[in-house]
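Structural overview
Here is what each chain is made of, one letter per residue.
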Amino acid sequence: MVGIVIVSHSRKLADSVKELVEQMVKGKVKIEAVGGTSKDPNVLGTDPIMIRDAIERAYDNGVVIIGDFGSSILSARTAIGLLDNNIKGNVVIADAPLVEGAFAAAVSASVGSPLMEVKKAAEEAKKLEKLK
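Quick summary incoming for the structure in this document. Along each chain, residue indices are assigned from 1 in the same order as the chain's sequence is written. Owing to the predicted nature of the model, reporting of local features is limited to residues with pLDDT of at least 70; listing and counting of side-chain atom pairs is limited to 80 or more, with chain, interface and lining totals taken over all residues. Only hydrogens and water are set aside when side-chain values are computed; all heavy atoms of the structure are taken into account.

1. What about the overall build of the protein chain?
Scanning the protein chain from N- to C-terminus turns up six helices and four strands. Each helix is a run of DSSP H or I of at least 4 residues and each strand a run of E of at least 2, with the numbering of both proceeding from the N terminus. For the protein chain, the α and β elements follow one another from N to C terminus as β-α-β-α-β-α-α-β-α-α. Computed over its C-alpha atoms, the radius of gyration of the protein chain comes to 13 Å, within 12% of the 14 Å expected for a compact globule of 132 residues. Dimensions of the protein chain along its principal axes, counting C-alpha atoms only, are 35 × 35 × 25 Å. Only heavy atoms matter for contacts: two residues are in contact if any of them lie within 4.5 Å across the pair. In the protein chain, the proportion of contacts linking residues at least 24 apart, taken out of those at least 6 apart, comes to 75%. The accessible surface values rely on the Shrake-Rupley method and a 1.4 Å probe; as for residues, cover is taken only from the protein chains in view. For the protein chain, the accessible surface area stands at approximately 6800 Å², while carbon and sulfur atoms represent 54% of it. When we talk radius of gyration, it's over C-alpha atoms, and the globule rule is simply 2.2 Å times the number of residues to the 0.38.

Following this line, the structure appears as C-alpha coordinates:
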(Lines give C-alpha, C1' and ligand atoms only; values in the text may rest on other atoms or scores of the structure.)
Protein backbone atom coordinates (compact mmCIF):
# COMPACT_ATOMS: atom_id res chain seq x y z
CA MET A 1 0.00 0.00 0.00
CA VAL A 2 1.19 3.52 -0.76
CA GLY A 3 2.12 5.63 2.27
CA ILE A 4 1.60 9.35 2.76
CA VAL A 5 4.07 11.87 4.21
CA ILE A 6 2.69 15.25 5.25
CA VAL A 7 5.32 17.99 5.40
CA SER A 8 4.63 21.35 6.99
CA HIS A 9 6.74 24.10 8.47
CA SER A 10 4.63 23.66 11.60
CA ARG A 11 4.78 20.37 13.50
CA LYS A 12 1.35 21.12 15.00
CA LEU A 13 -0.18 21.63 11.58
CA ALA A 14 1.36 18.45 10.18
CA ASP A 15 0.19 16.43 13.19
CA SER A 16 -3.33 17.88 12.94
CA VAL A 17 -3.65 17.05 9.24
CA LYS A 18 -2.39 13.54 9.97
CA GLU A 19 -4.93 13.12 12.77
CA LEU A 20 -7.80 14.25 10.54
CA VAL A 21 -6.82 12.03 7.63
CA GLU A 22 -6.17 8.98 9.81
CA GLN A 23 -9.66 9.24 11.24
CA MET A 24 -11.11 9.28 7.74
CA VAL A 25 -9.21 6.20 6.52
CA LYS A 26 -9.39 4.40 9.86
CA GLY A 27 -5.71 3.45 10.04
CA LYS A 28 -5.62 1.64 6.69
CA VAL A 29 -2.74 3.79 5.38
CA LYS A 30 0.70 4.53 6.82
CA ILE A 31 0.76 8.30 7.33
CA GLU A 32 3.70 10.25 8.71
CA ALA A 33 3.72 13.92 9.71
CA VAL A 34 6.86 16.04 9.66
CA GLY A 35 7.33 19.64 10.72
CA GLY A 36 9.66 21.89 12.60
CA THR A 37 13.39 21.37 12.96
CA SER A 38 15.39 18.52 14.43
CA LYS A 39 16.74 20.82 17.14
CA ASP A 40 13.29 21.99 18.19
CA PRO A 41 10.07 20.69 16.61
CA ASN A 42 8.26 23.77 17.93
CA VAL A 43 10.36 26.06 15.72
CA LEU A 44 8.98 26.61 12.23
CA GLY A 45 11.00 24.93 9.51
CA THR A 46 11.56 21.77 7.54
CA ASP A 47 14.37 19.25 7.87
CA PRO A 48 15.33 16.89 5.01
CA ILE A 49 16.67 14.25 7.41
CA MET A 50 13.39 14.18 9.34
CA ILE A 51 11.51 13.93 6.03
CA ARG A 52 13.77 11.09 4.83
CA ASP A 53 13.12 9.20 8.06
CA ALA A 54 9.36 9.73 7.70
CA ILE A 55 9.46 8.43 4.11
CA GLU A 56 11.25 5.30 5.27
CA ARG A 57 8.65 4.72 8.02
CA ALA A 58 5.70 5.22 5.64
CA TYR A 59 7.20 3.27 2.75
CA ASP A 60 5.57 0.08 1.53
CA ASN A 61 4.71 0.23 -2.19
CA GLY A 62 5.75 3.86 -2.50
CA VAL A 63 5.15 7.20 -0.82
CA VAL A 64 3.33 10.36 -1.84
CA ILE A 65 4.61 13.52 -0.17
CA ILE A 66 2.33 16.51 0.31
CA GLY A 67 3.87 19.75 1.53
CA ASP A 68 2.48 23.06 2.63
CA PHE A 69 4.61 25.47 0.54
CA GLY A 70 8.03 26.61 -0.62
CA SER A 71 10.90 25.10 1.30
CA SER A 72 8.88 22.09 2.44
CA ILE A 73 8.94 20.97 -1.18
CA LEU A 74 12.63 21.79 -1.54
CA SER A 75 13.40 19.86 1.66
CA ALA A 76 11.31 16.93 0.40
CA ARG A 77 13.32 16.88 -2.85
CA THR A 78 16.53 16.87 -0.84
CA ALA A 79 15.17 14.05 1.34
CA ILE A 80 14.35 11.95 -1.72
CA GLY A 81 17.94 12.37 -2.87
CA LEU A 82 19.12 10.92 0.45
CA LEU A 83 17.13 7.70 0.03
CA ASP A 84 18.47 4.35 -1.14
CA ASN A 85 18.11 3.92 -4.90
CA ASN A 86 15.62 1.05 -4.50
CA ILE A 87 13.25 3.41 -2.63
CA LYS A 88 13.70 6.83 -4.26
CA GLY A 89 12.14 5.75 -7.56
CA ASN A 90 8.87 5.09 -5.77
CA VAL A 91 8.59 8.39 -3.92
CA VAL A 92 6.77 11.33 -5.50
CA ILE A 93 5.77 14.82 -4.48
CA ALA A 94 2.18 15.81 -5.23
CA ASP A 95 1.36 19.35 -6.27
CA ALA A 96 -1.69 19.49 -4.05
CA PRO A 97 -3.30 21.48 -1.25
CA LEU A 98 -2.16 20.17 2.12
CA VAL A 99 -5.42 19.11 3.76
CA GLU A 100 -7.53 18.21 0.75
CA GLY A 101 -4.59 16.58 -1.03
CA ALA A 102 -3.63 14.48 1.97
CA PHE A 103 -7.22 13.35 2.39
CA ALA A 104 -7.70 12.46 -1.29
CA ALA A 105 -4.36 10.65 -1.42
CA ALA A 106 -5.10 8.64 1.70
CA VAL A 107 -8.55 7.61 0.46
CA SER A 108 -7.04 6.49 -2.83
CA ALA A 109 -4.23 4.61 -1.06
CA SER A 110 -6.70 2.97 1.33
CA VAL A 111 -8.40 1.17 -1.56
CA GLY A 112 -5.08 -0.11 -2.88
CA SER A 113 -4.47 2.33 -5.73
CA PRO A 114 -0.96 2.35 -7.20
CA LEU A 115 1.49 5.19 -6.57
CA MET A 116 0.71 7.40 -9.55
CA GLU A 117 -3.05 7.10 -9.02
CA VAL A 118 -2.61 8.17 -5.38
CA LYS A 119 -0.55 11.16 -6.55
CA LYS A 120 -3.19 12.01 -9.16
CA ALA A 121 -5.96 11.86 -6.55
CA ALA A 122 -4.05 14.33 -4.38
CA GLU A 123 -3.46 16.67 -7.31
CA GLU A 124 -7.09 16.55 -8.41
CA ALA A 125 -7.97 18.08 -5.04
CA LYS A 126 -6.21 21.20 -6.34
CA LYS A 127 -8.70 21.42 -9.19
CA LEU A 128 -11.56 21.28 -6.71
CA GLU A 129 -10.06 24.22 -4.82
CA LYS A 130 -10.38 26.33 -7.98
CA LEU A 131 -14.10 25.61 -8.16
CA LYS A 132 -14.81 27.35 -4.86
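2. Brief notes about the sheet that holds strand β2 (residues 31–35)
In this analysis, strands are considered paired if DSSP registers two or more bridges between them. Read across the open sheet, the four strands follow the order β2-β1-β3-β4; overall the sheet is parallel. The sheet is open, and its two borders are formed by β2 and β4 (91–93), each paired with just one other strand. Shown here is a sheet whose adjacent strand axes are inclined to one another by a mean of 20 degrees, direction ignored. The pairing of strand β1 (residues 3–8) with β2 spans five bridges and is classified as parallel. Between the N-to-C directions of two axes lies an angle of 0 to 180 degrees, each axis being a line fitted to C-alpha atoms and, for a helix, fitted only over the stretch in contact.

3. Re the packing of helix α2 (residues 48–58) against helix α3 (residues 71–81)
At a minimum axis distance of 8 Å, the contact between α2 and α3 shows a crossing angle of 60 degrees. Note on packing geometry: the crossing formed by α2 with α3 is right-handed. Touching P48, I51, R52 and I55 of α2 are S72, S75, A76, T78, A79 and I80, all from α3. Asp, Glu, Lys and Arg are counted as charged, while Ala, Val, Leu, Ile, Met, Phe, Trp, Tyr, Cys and Pro are counted as nonpolar; the rest, among them Gly, fall into the polar class. Split into classes, the residues belonging to the contact of α2 with α3 amount to six nonpolar, three polar and one charged. Should the near helix be turned anticlockwise from the far one by less than a right angle, the crossing is left-handed, and should it be turned clockwise, the crossing is right-handed.

4. Quick word on the pattern of salt bridges
For this document, the term salt bridge refers to a Lys or Arg side-chain nitrogen within 4 Å of an Asp or Glu carboxyl oxygen. Tallied over the full model, the rule gives seven salt bridges. R52 is the salt-bridge partner of D53, the closest N and O atoms lying 2.9 Å from each other. R52 sits in the partly exposed class, given a relative accessible area of 22%. Close ionic contact of D95 with K126 constitutes a salt bridge, the shortest N to O distance being 2.8 Å. Taken together, the residues D95 in the loop between β4 and α5 (98–110) and K126 in helix α6 (residues 115–130) connect sequence positions 31 residues apart. Working definition: with a 1.4 Å probe on protein chains only, accessible area under 20% of the residue-type maximum means buried, over 50% means exposed, and in between means partly exposed. With relative accessibility at 31%, the residue K126 sits in the partly exposed group.

5. Some points on the nonpolar core
Burial of nonpolar side chains together is a common tendency in soluble globular proteins. Throughout, nonpolar core names a set of buried Ala, Val, Leu, Ile, Met, Phe, Trp, Tyr and Cys residues whose side chains join them through atoms within 4.5 Å. Ranked by size, the top nonpolar core spans 23 residues in total, and within it I4, I6, I31, V64, I66 and V118 carry the most contacts. Going through the elements one at a time, β1, α1 (11–25), β2, β3 (63–67), α5 and α6 are the ones with two or more residues in this core. Ranked by residues supplied to this core, first place goes to α5 with five residues. Dropping the residues within four chain positions of it, I66 is found in contact with I4, V5, I6, V7, A94, A96, P97, L98, G101, A102, A105 and A122. Within the second largest apolar cluster, 19 residues are counted, among which are V7, A76, A79 and L83.

6. So, the environment of T78
Structurally, the position occupied by T78 is in helix α3. Assessed through its relative accessible area of 41%, T78 is described here as partly exposed. Put simply, T78 and P48 are 30 residues apart on the chain and 6.0 Å apart in space, counted from C-alpha to C-alpha.

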